[in-house]
Amino acid sequence: MQKNKTGVKKKPLSSKQTQRHVHEFEGSTKLAEEGADRHNHRFAGVTGQAIRSGSSHIHEIDLTKTDFVNHFHNLRRIRTGPAIPVGNGKHVHFVTGQTTLNDGHVHQFNFATLIQAPLI
């Protein structure tokens with residue numbers, strides 16, 4: 001076993017365990033509230049590893065904070081749609097959902113992930 005920087009033993013990946021790919025993402029929520037309080041939030045992050053789903057796969061998103069506008073929202077247990085091919089063996093995922101409740105409201109959102117491993 002190897003030790004990481006904190007001295008915790010880290011089990012190396014075996015030939016049967018492989019790290020699956022992830023996707024970067026960025027987006028903005030839809031507007032919420034009315035009048036002077038009407039606003040949206042921006043967010044960015046990295047998905048979890050690929051999860052097999054039927055003949056494709058999905059990813060889970062668990063983002064702890066959007067940008068700050070007197071309050072935060074989280075994106076909890078959000079699942080992407082299946083892979084959407086974009087050519088050259090690459091793909092993206094469509095994501096739709098809503099944020100957690102905070103300051104008396106939620107925000108809807110939809111966005112596409114960025115292409116996995118864009119330089120490889």
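This section reports on the structure supplied with the text. (Residues numbered from 1 in each chain as written. Predicted model: local features only at pLDDT ≥ 70, side-chain atom pairs only at ≥ 80, totals over all residues. Heavy atoms only, no water.)

The subject of this paragraph is the pattern of salt bridges. Per the counting criterion, the structure on display carries three salt bridges. Taking the shortest distance from any N to any O, the salt bridge between R38 and E34 comes out at 3.6 Å. Residue classification places R38 among the partly exposed positions, given a relative accessible area of 41%. (Salt bridge = Lys/Arg side-chain N within 4 Å of Asp/Glu carboxyl O. Buried < 20%, exposed > 50% of the residue type's maximum accessible area, 1.4 Å probe, protein only.)

Along the chain, the position of T113 falls in the segment after β11 (108–112). Given a relative accessible area of 4%, T113 falls into the buried group. Sequence-wise, T113 and E26 are 87 residues apart; in three dimensions their C-alpha atoms are separated by 7.3 Å. (Helix = DSSP H or I, 4+ residues; strand = E, 2+ residues; numbered from the N terminus.)

We now examine the nonpolar core. Nonpolar side chains in soluble globular proteins generally cluster together in the buried interior. Listed in full, the nine residues of the largest apolar core are F25, F43, I61, L63, L75, I78, V95, F109 and F111. When residues of this core are traced back to their parent elements, those giving at least two are β7 (60–63), β8 (75–79) and β11. Excluding residues that lie within four positions of it along the chain, I78 makes contacts with H59, E60, I61, V95, T96, Q98 and F109. (Core = buried A, V, L, I, M, F, W, Y, C linked by side-chain atoms within 4.5 Å. Contact = heavy atoms within 4.5 Å.)

With that out of the way, let us pick up the pairing of β11. Alternating positions in β11 separate cleanly, F109 and F111 being buried on one face and Q108, N110 and A112 remaining unburied on the opposite face. Judged from the five bridges that link them, strand β10 (residues 90–98) and β11 form a sheet pairing that is antiparallel. Within the sheet, the bridge partner assigned to F94 lies in β11 and is A112. (Pairing = 2+ DSSP bridges.)

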